[in-house]
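Residues per chain, in single letters:
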Amino acid sequence: MKLYCLSGHPTLPCNVLKFKSTTIMLDCGLDTTSVLNFLPLPLVHSPRLSKLPGWISKDGTINLEKELKECAGRVFVDSQPEFCLPEKELLDLSTIDVILISNYHCMMALPYITEHTGFTGTVYATEPTLQIGRLLMEELVNFMERVPKAQSATSWKNKDMQRLLPGPLKDAVDVWTWKRCYGIQEVNSALSRVQLVGYSQKVELFGAVQVSPLSSGYSLGSSNWIIQSHHEKVAYVSGSSLLTTHPQPMDQSSLKNSDVLILTGLTQMPTANPDGMLGEFCSNLAMTIRAGGNVLVPCYSSGVIYDLLECLYQFIDSANLGTTPFYFISPVANSSLEFSQIFAEWLCHNKQTKVYLPEPPFPHAELIQTNKLKHYPSIHGDFSSDFRQPCVVFTGHPSLRFGDVVHFMELWGKSGLNTIIFTEPDFSYLDALAPYQPLAMKCVYCPIDTRLNFHQVAKLLKEVQPLHVVCPEQYTQPPMTQSHRSDLMLELQPPPMPYRRCSVLNLPFRRRYERVYILPELAHSLVPTEVKPGVSIATVSAVLHSKDNKHTLQSVPKPPPVPPTKKRKRVMEEPPVAPKPLLSGAVPLEAFLATLQMHGITEVKVEETADGHILHLQAEDTLIQLEEDGTHIVCDNNEPLRTTLRDLVLRFLQKL
């Protein structure tokens, strides 16, 4: 069993598991942190960005003025942002049989895999994962296509050139494999391959293995996966949460008794308490509004935003924010808010019960009805006429490189009254803000990441007790910025097996057994013999029939009778030859020596070996090797003696 690791990002994994003749891709996360190396895409012309100076090396030998721009001491690529894809050269991706998706954040590279590698398999995901994943992909495509850039920067990617660039461009990984965003046709084609599954539903893969999704408690429809055969079990834990938020709680018991547990998608903010961050978010928001400023919240169109809106719903009246407008701007804002209300069976128990009252499970429905929350597809159109300040705007993209958030950064960045509050943990807020410097607006970092922290993981692993744990190498050492914090890493016995991008792991268990079925009529013909109390065995002559990895023992077919002819005499049928009996048991040394003596063989020299004993019959010049799995008689030109010795050995063995 092998694991191929195609992504270096621990929370946006992409691994391939080869297990019992099946090739299974576990998630296909898209590393979007690469976009931080690019200039933002403004929706309206930005004089500030257009006047940024081009970059020339200090000695003047390298001139990339057209491709690279300098801003506040940092260098950015002036081109359509590009993404770091999962590794495509480590193995032939056309051989992948199925792709298992754990949550909608971990499927954003799906069109690159299904449309450009010769993939012909099936993708399995839950319904909310598919539908919200579709929204996030459509939003990404919309953000890119709304602001097309004619020029494409490629010279800076030259290895010799990149080495001479200032950081962080100099240190960017695999830049020649970075790709622009896919189109809507590729999204639709990729998602047409998805087959929907429900929690605990068992899916057979070619009769070899069975896969089943379990609730992971992180987001709507998010799953962990069990991959098992009759005798082996692999658990894939990705993006899980034990906190009580809106999704169904995590199913932990089904992870027990795993041979291997592959662990990815832990919290990116192990020291930040999500409840504390929510409190800080609300207090900073209220403080800014009271001072007459605006609040900008860069966020994804699904996920944490549901919890933020719920928190604000409870907070608005007590903080006297009842008249403050809240705007949610995204090409998929309407669909996202509606989807969250209709996936009742994927929600936690409290929210499910509301559906039967009937009440909307999320309070943002009431915020929309009372006009406190308004949603728009973009800043153009109705939003322009409804817009009033001070206000709170939720919009994407959290990287601040594309989407409507770029417009608000340009609009509000020059005033110290305004505040930007980062809640998504995927991007370094300092890197996100770099192309907007110098910036007057206040910045608050409240990363809300509900995924498992190291303390929770240690407790979980103690309960489910897998034989082996496999995880990204980042989890086996403390963070670089907090090297003294040994509590921010996995310390297990035996130690976890770490992986990094492009590594191939041989997982530490071998297949020892296969299940074989026996047909009833063949079973009926067996004659068991008891070899020791409670253990009986029987010999069987059969045909082994294997199809779709299912093995069946069938009766040996009788040969058809040869019809007699006038020209040929009828051949006499020979009786079938009975198979030789099998022998079981062991030859006890002392009892065997006594038997030899009774038969006149007295001069016996016994020699002990690693596998048993060698008996040298000196007068007869004969050797007898007594071993655990066989007995050998070495006797030259004395057939009567050999036969006698054989019969004496057989007295101690049982015939089957």
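Only a predicted model underlies this, so the values are computations on that prediction, with no experimental measurement involved.

What counts, and at which threshold
- Residues numbered from 1 in each chain as written.
- Predicted model: local features only at pLDDT ≥ 70, side-chain atom pairs only at ≥ 80, totals over all residues.
- Heavy atoms only, no water.
- Helix = DSSP H or I, 4+ residues; strand = E, 2+ residues; numbered from the N terminus.
- Rg over C-alpha atoms; globule rule 2.2 N^0.38 Å.
- Buried < 20%, exposed > 50% of the residue type's maximum accessible area, 1.4 Å probe, protein only.
- Contact = heavy atoms within 4.5 Å.
- Areas by Shrake-Rupley, 256 points an atom, 1.4 Å probe, with all protein chains shown as cover.
- UniProt positions renumbered as here; feature names shortened; annotations may be inferred.
- Patch = residues over 30% accessible without salt bridge, like charges linked within 9 Å, V, L, I, M, F, W, Y side chains within 5 Å.
- Salt bridge = Lys/Arg side-chain N within 4 Å of Asp/Glu carboxyl O.
- Pairing = 2+ DSSP bridges.
- Axes fitted to C-alpha atoms, helices over the stretch in contact; angles between N-to-C directions.
- Domains from an automatic or database assignment.
- Buried area = accessible area lost by both parts, 1.4 Å probe.
- Polar contact = N/O pair within 3.5 Å; in protein donor to acceptor, adjacent residues only side chain to side chain.

**Q** Any chance you could explain the overall build of the chain here in plain terms?
**A** Each helix and strand in the chain was counted, giving 17 helices and 34 strands. For 656 residues, the compact-globule estimate of 2.2 N^0.38 gives 26 Å, and the chain exceeds it by more than 25% at 35 Å. On the principal axes, the C-alpha backbone points of the chain span a range of 115 × 70 × 65 Å. Evaluated residue by residue, the chain yields a buried proportion of 50% over its 656 residues. The contacts of the chain with a sequence gap of at least 6 include a subset with a gap of at least 24, amounting to 70%. In the structure as shown, the chain presents an accessible area of about 32100 Å², 52% of it carried by carbon and sulfur atoms.

**Q** Just checking my understanding: could you explain the UniProt feature "domain: Beta-Casp" (unreviewed entry) in the chain for this structure?
**A** On the UniProt side, "domain: Beta-Casp" (unreviewed entry) is annotated at positions that read residues 305-433 here. Within residues 305-433, the helical portion is 40% and the strand portion 12%, while the C-alpha atoms at the span's ends are 21 Å from each other.

**Q** When you look at a nonpolar patch on the surface in this model, what are you seeing that I'm missing?
**A** A cluster of nonpolar side chains, Val 531, Val 535 and Ile 537, forms an exposed patch at the surface whose accessible area comes to about 170 Å². Along the polypeptide, Val 535 turns up in strand β26 (residues 535-537).

**Q** So what exactly am I meant to see when it comes to the sheet that holds strand β31 (residues 612-617) here?
**A** Across a sheet, paired strands are connected by hydrogen bonds in the backbone, their directions being either parallel or antiparallel. What the 4 strands build is an open sheet, ordered β30-β31-β32-β33; its pairing is antiparallel. On the outer flanks of this sheet lie β30 (604-608) and β33 (630-634), each paired with one strand and no other. Direction aside, neighbouring strands of the sheet carry axes that sit 15° apart on average. Pairing of strand β32 (residues 622-627) with β33, which is carried by 5 bridges, proceeds in the antiparallel orientation.

**Q** Would you mind going over the sheet that holds strand β10 (residues 203-205) with me for this structure?
**A** Taking strand neighbours across the sheet as the criterion, the 7 strands line up as β10-β11-β12-β13-β14-β21-β22 in an open arrangement whose pairing is mixed. Lying at the two open borders of the sheet, with one neighbouring strand each, are β10 and β22 (497-499). This sheet shows a mean twist of 20° between the axes of neighbouring strands, independent of strand direction. Summarising the sheet, strand β12 (residues 223-228) and strand β13 (residues 233-238) pair through 4 bridges and their orientation is antiparallel. Bridge pairing links Gln 228 to Lys 233 in β13.

**Q** Teacher, can you tell me more about the domain arrangement of the chain here?
**A** One frequently used descriptor of interface size is the decrease in accessible area upon assembly of the parts. Each assigned domain of the chain is listed with its residue range as follows: domain 1 (2-268 + 451-506), domain 2 (274-445) and domain 3 (583-655). One C-alpha centre belongs to domain 1, the other to domain 2, and the line joining them spans 25 Å. Between domain 1 and domain 2, the contact holds 48 residues from the first and 45 residues from the second. Interface area, domain 1 with domain 2, both sides summed: about 3900 Å², of which 68% is carbon and sulfur. Inspection of the domain 1/domain 2 interface yields 3 salt bridges. Ionic pairing is found between Arg 74 and Asp 431, a salt bridge with its closest N-O pair at 3.2 Å. If you look at where domain 1 meets domain 2, you find 15 residue pairs in polar contact (both at pLDDT 80 or more).

**Q** What should I look at first to understand the side chain of Thr 23 in this one?
**A** Among the secondary structure elements, Thr 23 is positioned in strand β3 (residues 22-26). Residue classification places Thr 23 among the buried positions, given a relative accessible area of 8%. Those residues within four positions of Thr 23 in sequence are excluded, and the remaining contacts are Val 16, Leu 17, Lys 18, Thr 95, Ile 96, Asp 97 and Val 98.

**Q** Explain the pattern of salt bridges to me, please; I cannot follow it from the model alone.
**A** A side chain with one charge may pair with a side chain of the opposite charge, provided their charged atoms come close. Here the structure, examined in full by the defined rule, presents 17 salt bridges. With a shortest N-O distance of 3.3 Å, Lys 20 and Glu 514 are connected by a salt bridge. In this pair, Lys 20 sits in the loop between β2 (15-19) and β3 while Glu 514 sits in the loop between β23 (504-506) and β24 (516-518), placing the two residues 494 residues apart along the sequence. Arg 146 serves as the salt-bridge partner of Asp 404, at 3.1 Å between the closest nitrogen and oxygen. Pair noted here: Asp 404 is in the loop between β18 (392-395) and α12 (405-412) and Arg 146 is in helix α3 (residues 127-146), with a separation of 258 residues, a long-range link. On the accessibility criterion, Arg 146 (27% relative accessible area) is partly exposed. Counted as one network, the salt bridges with shared partners bring together Glu 87, Asp 174 and Arg 501.

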